[in-house]
Amino acid sequence: MGESSRGTQLSLDNVARTFNGRAALAPISFSVKSGEFISLLGPSGSGKSTLLRIIAGLETYEGDLKVESVSRAFVFQDAALLPWRTVLQNVALPLELTGASGDPLAALSLVGLKDVSTLYPNQLSGGMKMRVSVARALVSKPSLLLLDEPFAALDERTRHRLQEDLRSLWISLGMTVVFVTHSASEAVFVSDRALVLSGGPGRVIADHAINLGRERVASLRSDPQFISEVSYLSGVMP
Amino acid sequence: MKFVWPLIPLILGVALLEALRHFGIVPQYLLPTPEEVLASLRDDRLELWDGFSSTATSSIIALILSGIAGCAIAVLLSLSSVLKRMVYPYAVFFQTVPIIAIAPLLVIWFGFGRPTVIASAFIVSIFPVIASTLLGLESTDPSLVDLFRIYRASAWTRLWKLRIPFAMPQIFSGLRIAAGLSVIGAIVGEFIAGGGLGSVVDAARTQQRIDKVFAAVLLSALLGLMIVAVLNFVSKIALRHWHASAREI
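Residues numbered from 1 in each chain as written. Chains lettered and ligands numbered in written order. Predicted model: local features only at pLDDT ≥ 70, side-chain atom pairs only at ≥ 80, totals over all residues.

Residues and elements named next belong to chain A. According to the domain assignment, chain A consists of domain 1 (1-70 + 146-238) and domain 2 (81-142). Each of domain 1 and domain 2 has a C-alpha centre, and the two are 24 Å apart. Listed per partner, the contact involves nine residues of domain 1 and six residues of domain 2. Taken together, the residues of the side of domain 1 that touches domain 2 break down into seven nonpolar, one polar and one charged. (Domains from an automatic or database assignment. Contact = placed C-beta atoms within 7 Å. Nonpolar A, V, L, I, M, F, W, Y, C, P; charged D, E, K, R; others polar.)

The next thing to look at is the interface of chain B and chain A. On the side of chain A, 14 residues touch chain B, which itself brings 15 residues to the contact. For the side of chain B that touches chain A, the secondary-structure elements that each account for two or more residues are α7 (142-150) and α8 (155-193) of chain B. For the side of chain B that touches chain A, the class distribution of residues is eight nonpolar, four polar and three charged. (Helix = DSSP H or I, 4+ residues; strand = E, 2+ residues; numbered from the N terminus.)

This part takes up unusual backbone geometry. Of note, Ala 80 of chain A is a non-glycine position whose phi angle comes to about 50°, a positive value. Look at Arg 152 of chain B: it is not a glycine, yet its phi comes out positive at around 55°. With respect to the helices, strands and loops of the structure, Arg 152 of chain B is situated in the loop between α7 and α8. Residue classification places Arg 152 of chain B among the exposed residues on the basis of 10 C-beta atoms within 10 Å. (Buried ≥ 20, exposed ≤ 12 C-beta atoms within 10 Å, placed from the backbone.)

Residue and element names in this part refer to chain A. Judged by pairing direction, the sheet is antiparallel, and its three strands sit side by side in the order β2-β1-β4 without closing on themselves. If you trace the sheet from one side to the other, it starts and ends with β2 (22-33) and β4 (62-67), each paired once. Ignoring which end each strand starts from, the neighbouring axes of this sheet average 15° apart. Direction of pairing for strand β1 (residues 8-19) relative to β2: antiparallel, over a ladder of eight bridges. Bridging from a neighbouring strand, Leu 10 pairs with Val 32 of β2. (Pairing = 2+ DSSP bridges. Axes fitted to C-alpha atoms, helices over the stretch in contact; angles between N-to-C directions.)

Right, let's talk about the nonpolar core for a bit. It is characteristic of soluble globular proteins that their nonpolar side chains tend to be buried jointly. Core analysis: the biggest nonpolar cluster contains 121 residues, and Leu 41, Ala 135 and Val 178 of chain A together with Ala 216 of chain B have the highest contact counts within it. Residue contributions to this core peak at 15 residues, all from α8 of chain B. Taken domain by domain, this core gets at least three of its residues from each of domain 1 (1-70 + 146-238) and domain 2 (81-142) of chain A. Sequence-distant contacts of Leu 41 of chain A, that is, excluding residues within four places in its chain, are made with Thr 181, Ala 184, Ala 187, Ala 194, Leu 195, Val 196, Leu 197, Leu 233 and Met 237 of chain A. (Core = buried A, V, L, I, M, F, W, Y, C linked by C-beta atoms within 7 Å.)

What follows concerns the pairing of strand β9 (residues 204-209) of chain A. Moving residue by residue along a regular strand, the side chains alternate between the two faces of the sheet. Residue and element names in this part refer to chain A. Examined bridge by bridge, strand β8 (residues 193-197) and β9 share five bridges and lie antiparallel to one another. By the bridge assignment, Ala 194 is partnered in β9 with His 208. Counting the residues in the hairpin turn of β8 and β9 gives six residues.

What follows concerns the confidence of the model for chain B. Residue and element names in this part refer to chain B. Averaged over all residues, the pLDDT of chain B equals 91, while 97% of them reach at least 70. The element-level mean pLDDT for chain B is lowest in helix α11 (residues 244-247), coming to 46, with helix α3 (residues 45-79) highest at 96. Taken as a whole, residues 245-249 scores under 50 in pLDDT and shows seven contacts with residues more than four places along the chain or in a different chain. Complex prediction metrics read pTM 0.84 and ipTM 0.89. (pLDDT = per-residue confidence, 0-100.)

Residues and elements named next belong to chain A. Strand order across the open sheet formed by six strands is β5-β6-β7-β3-β8-β9, with mixed pairing between neighbours. Both outer strands of the open sheet, β5 (72-75) and β9, are each paired with one neighbouring strand and no more. Neighbour to neighbour, the strand axes of the sheet diverge by 15° on average, direction disregarded. Alignment of strand β3 (residues 37-41) against strand β7 (residues 176-181), held across five bridges, turns out to be parallel. Bridging across to β7, Leu 41 finds its partner in Thr 181.

All names here are of chain A. The end-to-end C-alpha distance of helix α5 (residues 156-173), which contains 18 residues, comes to 25 Å, matching closely the 26 Å that a straight helix rising 1.5 Å per residue would cover. Among the residues of α5, those classed as buried are Arg 159, Gln 163, Leu 166, Arg 167 and Trp 170. Each buried residue of α5 sits inside an arc of 95° when the element is viewed along its axis, so together they form one side. Away from its buried face, by an angle of more than 90 degrees, α5 presents the exposed residues Arg 157, Ile 171 and Ser 172. Phi for Gly 174, located one or two positions after α5, is positive at around 75°. (Expected span 1.5 Å × (residues − 1). Arc of directions from axis to C-beta.)

All names here are of chain B. Where helix α5 (residues 99-110) meets helix α6 (residues 114-138), the closest approach of the two axes is 9 Å, and the angle between their N-to-C directions is 140°. In this structure, α5 crosses over α6, and the sense of that crossing is right-handed. Together, Ile 99, Ile 102, Ala 103, Leu 106, Val 107 and Phe 110 of α5 and Pro 115, Thr 116, Ala 119, Ser 120, Ile 123 and Val 124 of α6 make up the contact between the two elements. A breakdown of the residues in the contact of α5 with α6 according to their chemical character gives ten nonpolar, two polar and no charged. (Left-handed = near helix turned anticlockwise from the far one by under 90°.)

Right, dumping it as structure tokens:
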């Protein structure tokens, strides 16, 4: 799998989902290259989270889905940490469950939290909890990282910091990332491509490339090109 | 200050009862004075202590048994919805049968003495453990369930590493309710089967020793409080890392 670094990691062919006879997701087709960072952007109820959960293997679906990935990891909207485990034990959980090898402390240093490894989740701020959650996802060195509005509940400053950190983690680790968000500016900042979903039943109404370079720093947010990308996507979004 | 507030109604209550006695509204033989109760606690201390330790032993054994059996039954019921649908209605039904009505049957089955007392305390205290543990096992955070599914954890691993630890606050709250009930169940059992504070109350009643009845009742309340205090202490330690809301139950 390693040598096909620009191969297709993920392909969906008419993937659809119905809840109690009602279509939640209209047949959707797209593919994601290995190492790509894409956003699924849409209003609430557009089925973007459902789509992500289908890719994660958490939901049933109709259609054809191919995931070229030995390992995938998921970051939830709430940090979803086990309150009775320390930060380090939380990060080590995927290794424990799968029997894979990995270094939880190294994963914690990736998110800048090596010093709090012995603390418990109730001793951390919301932003730190989310970093622990990201470290837990990275510990098994996934080739596909799925994030479901991970920063939505955080304050703006923390959210911006985490967006910058996620982008640099992606640059250094090179995994494929699918990032669900309802914020156009977040999608523009973190990803190289945004798929815009319409309201229920969700379908893809735009597949937009974001050409803002690889490295993204905080000052990019005031760049005219960034602002025009954001206003374009906001305009497309229902 | 925490201990001062509950003392105020106690002092007011004792003062009110004293006033009722003093003005002859309630006859003397129905209510002892606080001094009489204290005197009984001192003079009958050997008999009261025997009763107290016997009731304490029976209630604690019953509580441990209902804790173990209640959790085990709740785990089984949480594993199979068919089993739950078959068994749970009976658990609810048995809870509504008054223990005082079953107690004579227990004497027939287990004879006079401790086994009947423990059975009586066990029967009344197991239900809250089952109900509360089951609630805890069924309310696991859905994100955490998904997390374990993503890493393909087996049902067994999910149970041990996620659902049981997640249910701990509910398990403790069930045990706290069971603790009070186990003392009640033990004393009801002792009324019928003999022994413990139940017997002391029963004997003192027939001897018109209202002061001794009060002393024994006081001790049984104290026993319930002590068991709950120990449980609170254990649960505080076990849940010390949980969020404040879970710790304050």
